[in-house]
Amino acid sequence: MALRNALRNSAKYGFSGLLPQLSSSGHGRVCVSPFLLSQRRNNSTSSKIKVDFDSSTGVAVMRMQSPPVNSLSLDFLTEFSISLEKLEMDKSCRGLIITSSLPKVFSAGLDIMEMYAKSPESCGVFWKAVQEMWLKLYGSNMVTIAAINGSSPAGGCLMSLGCDYRIMAENPRYSIGLNETQLGIVAPFWFKDTMVNTVGHRTTEMALELGLLYSAPEALKIGLVDRLVPEDQVLTTATETMAKWLAIPDHARQITKSMMRKPTIDKLMSNREADIHNFVSFITKDSIQKSLRMYLEMLKKRKG
Amino acid sequence: MALRNALRNSAKYGFSGLLPQLSSSGHGRVCVSPFLLSQRRNNSTSSKIKVDFDSSTGVAVMRMQSPPVNSLSLDFLTEFSISLEKLEMDKSCRGLIITSSLPKVFSAGLDIMEMYAKSPESCGVFWKAVQEMWLKLYGSNMVTIAAINGSSPAGGCLMSLGCDYRIMAENPRYSIGLNETQLGIVAPFWFKDTMVNTVGHRTTEMALELGLLYSAPEALKIGLVDRLVPEDQVLTTATETMAKWLAIPDHARQITKSMMRKPTIDKLMSNREADIHNFVSFITKDSIQKSLRMYLEMLKKRKG
Amino acid sequence: MALRNALRNSAKYGFSGLLPQLSSSGHGRVCVSPFLLSQRRNNSTSSKIKVDFDSSTGVAVMRMQSPPVNSLSLDFLTEFSISLEKLEMDKSCRGLIITSSLPKVFSAGLDIMEMYAKSPESCGVFWKAVQEMWLKLYGSNMVTIAAINGSSPAGGCLMSLGCDYRIMAENPRYSIGLNETQLGIVAPFWFKDTMVNTVGHRTTEMALELGLLYSAPEALKIGLVDRLVPEDQVLTTATETMAKWLAIPDHARQITKSMMRKPTIDKLMSNREADIHNFVSFITKDSIQKSLRMYLEMLKKRKG
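The rules we used
- Residues numbered from 1 in each chain as written.
- Chains lettered and ligands numbered in written order.
- Predicted model: local features only at pLDDT ≥ 70, side-chain atom pairs only at ≥ 80, totals over all residues.
- Heavy atoms only, no water.
- Helix = DSSP H or I, 4+ residues; strand = E, 2+ residues; numbered from the N terminus.
- Buried < 20%, exposed > 50% of the residue type's maximum accessible area, 1.4 Å probe, protein only.
- Contact = heavy atoms within 4.5 Å.
- Areas by Shrake-Rupley, 256 points an atom, 1.4 Å probe, with all protein chains shown as cover.
- Buried area = accessible area lost by both parts, 1.4 Å probe.
- Salt bridge = Lys/Arg side-chain N within 4 Å of Asp/Glu carboxyl O.
- Polar contact = N/O pair within 3.5 Å; in protein donor to acceptor, adjacent residues only side chain to side chain.
- Nonpolar A, V, L, I, M, F, W, Y, C, P; charged D, E, K, R; others polar.
- Least-squares fit on C-alpha atoms with pLDDT ≥ 70 in both.
- Axes fitted to C-alpha atoms, helices over the stretch in contact; angles between N-to-C directions.
- Parallel < 35°, antiparallel > 145°, perpendicular 65-115°, else oblique.
- Left-handed = near helix turned anticlockwise from the far one by under 90°.
- Pairing = 2+ DSSP bridges.
- Phe/Tyr/Trp six-rings, centres within 6.5 Å; stacked < 30°, edge-to-face > 60°.
- Disulfide = S-S within 2.5 Å.
- pLDDT = per-residue confidence, 0-100.

### Notes on the overall build of chain A
Point 1. Along the backbone of chain A there are twelve helices and eleven strands.
Point 2. Taken over 304 residues, chain A has a buried fraction of 60%.
Point 3. In chain A, the proportion of contacts linking residues at least 24 apart, taken out of those at least 6 apart, comes to 76%.
Point 4. Total accessible area on chain A is roughly 11600 Å²; 55% of this is exposed by carbon and sulfur atoms.

Here it is, written out as structure tokens:
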């Protein structure tokens, strides 16, 4: 799909989503809750994310509930990482299911408002939070399952790829992929590494160069998700799948997981500052900011 | 399958097998031949392995014949490596087919008795022999074909993966895979590397974390084996396939094989001592020894 | 297919092709145009390659037209690299389609006459030109699409793999693959890396060790090409596909492409001299030269 189409579709979701491309007829969802806005920067009540931990099974369910599209803002990412960290430190919590409380969307990805007309310092702080989310999730000792009950472009796809297993609603209107190039921005090396680890080099090369979004059936075919089930069975299937993973002794599974993922994690760990620097100098370029402004203006028109 | 199931199935095969999970009704096979035991440490007659070399074709057939399940004991591994070395040095031997003389099993993998209640020194000697087997096989200049005429879990799978080509009996009750985590132990990095080279990163990640055993048809589907044929045609198909491989000039094939496999081999070569150390400190841990003891006690009950 | 078959088939194409294995009834195509010969070494008119640039679309079409089989001679490679360099420097040129003007063949690969009975110096110069072709193509900032309207063995396959996308005529008699081992020579590490990046490690291992040529349908199945279309639609499909690729902002696509390919390019860049040295000492070996001589004598007999 051309950039123009990407922008047109995104317009339906207001400021928050980075290329959501959701097939929705929803009107009026573009307003951002004043309550949520007022909570920015000092939110300690996890209002964007709801965590339910079942101590009888050792499994936590994390529900993303940041309307309209679970955009990954700095606040959202901070809450996410703190929630994850808490569960990680709770030895009784062995498994984590991540899903969305919102209709039709898992997460629309990085919040464009964190990247537009911001100081280099703010952009850097934001990017560090994106890194932190991925580092904590991809390296989690828990079994992590993404219950993808809606579209999951860009950062939403990254979050899904950070899990151990991906179950998606079999709705062909839901899509998933790292579509950054469609907006003129670029998935960094660790997004790329995570995708290569999941679907291989060639599929990743085409997917990233073209910014491809895959429908749920296509995503299953290339291995971007592991299983499709009817939308109302995504969470129950995740719970059943979790039981199978938890049948494996934790220490053996954790050592194995670390063996598979540590080289990829180490690569970012030893390049965090350079990666932040790269992101900041790219995103603050006049040409890129101009692209973002055009994108936002188009969104405003759609609202009007 | 849960650990409990794995243990229950393994029980049918006595001490020798590491998670064989064979569907067999065989009774009385659990006894170890006194003759074989008396040969330990100074076996020079290759009684656990029978090698037939056909000088007219340049192809050797290596038959594993160590009842009940071709467990990879120290003696077995030593014989294996010596046999392989001899063939390797014989310039007239260009191809090697590895198969089993026992019913229903190719090899059940590493012999658990070499890891339970042994001194760290013994464990280290054993692990070095496991390394040696893989180094010699994965790096062989000969064309190597695994004629997998039975189940092939754990170390048996590693042996298969060490070959150039894998032909398996199409019996869906036969399974193959690196299922170490199901017993609470862990496949080391070079098992992992070998599997990644064969089926890719993502399939390996799931397979190793869950300790998955694949039925023959599933194994074909993910590329863990290259071809399925009726059980009575495994060896003849291997012989026919060998002829095709031997049609390629040896020097060109060998240089190419080395180019594909040398980086993986070098990784272990430059880390052998550390790898032995890791194995020994892991396997001699109280918690791991306790797992192994519970496993063995369960096997004893089954015998009784 | 055995070496003998490979040689027999190649014979149809005279000196120029390295294992073309084309199913053709063409007679008399083996003569090399005197005009072309007279142009050797100082050709500045791009007579072996015809380039048409459409400034309205920003897309160039490069037609290889060096009878009989578009062998990659030193002159051909030099022209190719110069043409590519010119297009690369022209900012208005954003995409490149590579195809053949000859029937039934895309390119038969490296010209064996550049490797037989030549001085080490000449072999080295030739190999450097092969490297240069690949470095420029695999690292091109343009969108590159191979419109593979005929067979494409060895170097022809490498050229195809250097592009971003491969569309092949769905004629099952056309084949593609890195079949070097069939002639007793060896694809170097960067041929291998390019193929691994495209079809993965295991498929590459088998393909290179056996020197496999895949029919068009087989090539699609393993991902060696991306799409098959009827022969008369190869070029139009390439043009349509190009439009989709050009819909992505150049800078984002280029950064992404570089991220995917730079490690592979850097590996050759930092080993060019050693790679040339390896090639020269291999190809000038008596045994290899003898293989090439036997090959050429067989071709002569076929001609006679």
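There is more to say after this.
### Some details on helix 6 (residues 189-199) of chain B
All names here are of chain B.
Point 1. With respect to burial, helix 6 is a largely interior element, ten of its eleven residues being buried.
Point 2. Of all the residues in helix 6, the buried ones are Phe189, Trp190, Phe191, Lys192, Asp193, Thr194, Met195, Asn197, Thr198 and Val199.
Point 3. Among the residues trailing helix 6, Gly200 stands out with phi positive, at a value near 90°.

### Some remarks on the interface of chain B and chain A
Point 1. Each partner contributes residues to the interface: chain B has 22 residues there, and chain A has 21 residues.
Point 2. In this assembly, chain B packs against chain A so that about 1800 Å² is buried in total across both faces, 67% of it on carbon and sulfur atoms.
Point 3. Ranking the residues of chain B by area buried against chain A places B:His201, B:Arg202 and B:Glu209 at the top, with a combined share of 38%.
Point 4. Taken together, chain B and chain A are joined by two salt bridges.
Point 5. Between A:Asp226 and B:Arg202 there is a salt bridge; the shortest N-O distance is 2.8 Å.
Point 6. Taken together, chain B and chain A are joined by seven residue pairs in polar contact (both at pLDDT 80 or more).
Point 7. Looking at the side of chain B that touches chain A element by element, the count peaks at eight residues for helix 7 (residues 201-210) of chain B.
Point 8. In the side of chain B that touches chain A, the residues fall into 13 nonpolar, five polar and four charged.

### Thoughts on the relation of the copies chain C and chain A
Here the second copy of the chain follows from the first by a rotation about an axis and a shift along it.
Point 1. Under the fitted operation, chain C is carried onto chain A by 0.0 Å of movement along the axis and a turn of 120°, and the coordinates agree to an RMSD of 0.0 Å. When the rotation and shift are considered jointly, the pair of chain copies conforms to a three-fold rotation axis. Of the C-alpha atoms belonging to chain C, the one lying closest to the rotation axis is found on C:Gly200, 4.3 Å away.

### Considerations on the interface of chain C and chain A
Point 1. Across the contact, 21 residues belong to chain C and 22 residues belong to chain A.
Point 2. For the pair chain C and chain A, the summed buried area comes to about 1800 Å², and 67% of that belongs to carbon and sulfur atoms.
Point 3. A per-residue breakdown of the area chain C buries against chain A is headed by C:Ile248, C:Met259 and C:Met260, which together make up 33% of the total.
Point 4. The interface formed by chain C and chain A includes two salt bridges.
Point 5. For the pair chain C and chain A, the number of links is seven residue pairs in polar contact (both at pLDDT 80 or more).
Point 6. Those elements that provide at least two residues to the side of chain C that touches chain A are strand 8 (165-169), helix 6 (189-199), helix 9 (234-246) and helix 10 (250-269) of chain C.

### Notes on the environment of A:Ile255
Point 1. Within the secondary structure layout, A:Ile255 lies in helix 10 (residues 250-269).
Point 2. On the basis of relative accessible area, A:Ile255 is assigned to the partly exposed category, the value being 37%.
Point 3. Expressed as a C-alpha distance, the spacing of A:Ile255 and A:Asn141, which sit 114 residues apart in the sequence, is 8.9 Å.
Point 4. Each residue touching A:Ile255, except ones within four places of it in the same chain, is listed here: B:Val186 and B:Phe282.

### Describing the packing of helix 4 (residues 120-138) of chain A against helix 6 (residues 189-199) of chain A
All names here are of chain A.
Point 1. Across the interface, helix 4 lies against helix 6 with an axial gap of 12 Å and an inter-helix angle of 25°. Compared by their axis directions, helix 4 and helix 6 come out roughly parallel. Classified by chirality, the crossing of helix 6 by helix 4 is left-handed. Contacts between helix 4 and helix 6 involve Trp127, Val130, Gln131, Trp134 and Tyr138 on the former and, on the latter, Trp190, Phe191, Thr194 and Asn197.
Point 2. Grouping the constituent residues of the contact of helix 4 with helix 6 by class yields six nonpolar, three polar and no charged.

### A short note on the sheet that holds strand 10 (residues 214-215) of chain B
Residues and elements named next belong to chain B.
Point 1. Across the sheet, which stays open at both edges, the three strands sit in the order 7-9-10 with mixed pairing between neighbours. Strands with a single pairing partner mark the edges of an open sheet, and in this sheet they are strand 7 (152-153) and strand 10.
Point 2. Here strand 9 (residues 175-177) runs beside strand 10; their pairing, made up of two bridges, is antiparallel. Across the sheet, Ile176 pairs through a bridge with Tyr214, a residue of strand 10.

### Topic: the packing of helix 4 (residues 120-138) of chain C against helix 10 of chain C
Residue and element names in this part refer to chain C.
Point 1. Between helix 4 and helix 10, whose axes approach to 10 Å, the crossing angle comes to 165°. Relative to helix 10, helix 4 is oriented roughly antiparallel. In this structure, helix 4 crosses over helix 10, and the sense of that crossing is left-handed. In this structure, helix 4 contributes Gln131, Trp134, Leu135 and Tyr138 to the contact, and helix 10 contributes Lys257, Arg261, Thr264, Ile265, Leu268 and Met269.
Point 2. Grouping the constituent residues of the contact of helix 4 with helix 10 by class yields six nonpolar, two polar and two charged.

### Examining the packing of aromatic side chains
Point 1. One pass over the full model with this rule turns up 21 aromatic pairs over all chains.
Point 2. Centroid distance B:Trp134 to B:Tyr138: 5.1 Å. Interplanar angle 15°. Geometry classified as stacked. Here the residue B:Trp134 and the residue B:Tyr138 both occupy positions in helix 4 (residues 120-138), the gap between them amounting to four residues, near one helical turn. In terms of burial, B:Trp134 and B:Tyr138 fall into one category: buried.
Point 3. Centre to centre, the rings of C:Trp127 and C:Phe279 are 4.0 Å apart; their planes meet at 10°, and the pair counts as stacked.

### Observations regarding the pattern of salt bridges
Point 1. Evaluation of the coordinates by the stated rule reveals 50 salt bridges over all chains.
Point 2. A salt bridge links B:Asp193 to B:Lys267; the shortest N-O distance between them is 2.8 Å. With B:Asp193 in helix 6 and B:Lys267 in helix 10 (residues 250-269), the pair connects residues that are 74 residues apart, well separated along the chain.
Point 3. Because the salt bridges share partners, they merge into one network encompassing A:Asp164, A:Arg166, A:Asp226, A:Lys257, A:Arg261, B:Arg202 and B:Glu205.

### Concerning the pairing of strand 1 (residues 49-54) of chain A
Residues and elements named next belong to chain A.
Point 1. In terms of strand pairing, strand 1 meets strand 2 (residues 59-64) through six bridges, oriented antiparallel. When the sheet's bridge partners are listed, Val51 is paired in strand 2 with Met62.
Point 2. Between strand 1 and strand 2, which pair antiparallel and follow one another directly, the connecting turn spans four residues, one of which, Gly58, has a positive phi of 75°.

### Looking at the state of the cysteines
Residue and element names in this part refer to chain B.
Point 1. Applying the stated criterion across every chain yields a total of zero disulfides over all chains.
Point 2. Summary of cysteine pairing: Cys163 is not part of a disulfide, and the nearest cysteine sulfur, belonging to Cys157, is at 11 Å.
Point 3. Look at Cys163 and you get buried, because its relative accessible area is 1%.

### Side note on the sheet that holds strand 10 (residues 214-215) of chain C
All names here are of chain C.
Point 1. Taken together, three strands build an open sheet; the order of strands is 7-9-10 and the sheet is mixed. Only two strands of the sheet have a single neighbouring strand rather than two, namely strand 7 (152-153) and strand 10.
Point 2. Bridging between strand 7 and strand 9 (residues 175-177) involves two bridges; their strand directions are parallel. Note that in strand 9 the partner of Ser152 across the bridge is Ile176.

### Details of the side chain of A:Asp226
Point 1. Tracing the backbone shows A:Asp226 in the loop between helix 8 (216-222) and strand 11 (227-229).
Point 2. One polar contact links A:Asp226 to B:Arg202, side chain to side chain, over a distance of 2.8 Å.
Point 3. Not counting chain neighbours up to four residues away, the residues in contact with A:Asp226 comprise A:Asp164, A:Tyr165, A:Arg166, A:Leu220 and B:Arg202.

### Observations concerning the environment of B:Val51
Residue and element names in this part refer to chain B.
Point 1. Examined against the element boundaries, Val51 turns out to sit in strand 1 (residues 49-54).
Point 2. Put simply, Val51 and Leu96 are 45 residues apart on the chain and 9.6 Å apart in space, counted from C-alpha to C-alpha.
Point 3. Each residue touching Val51, except ones within four places of it in the same chain, is listed here: Ala60, Val61, Met62, Ser83 and Leu87.

### Some remarks on the confidence of the model for chain A
Residues and elements named next belong to chain A.
Point 1. Overall, the predicted model of chain A reaches an average pLDDT of 87, with 84% of residues at or above 70.
Point 2. Contacts for the low-pLDDT stretch residues 1-44, under 50 throughout, to residues beyond four places or in other chains number 103 contacts.
Point 3. Reported confidences for the modelled complex are a pTM of 0.88 and an ipTM of 0.86.

### Notes on the side chain of C:Gln182
All names here are of chain C.
Point 1. Along the chain, the position of Gln182 falls in the loop between strand 9 and helix 6.
Point 2. Residue Gln182 is classed as buried on the basis of its relative accessible area, which comes to 2%.
Point 3. At 3.1 Å, the side chain of Gln182 and the backbone oxygen of Gly211 are in polar contact.

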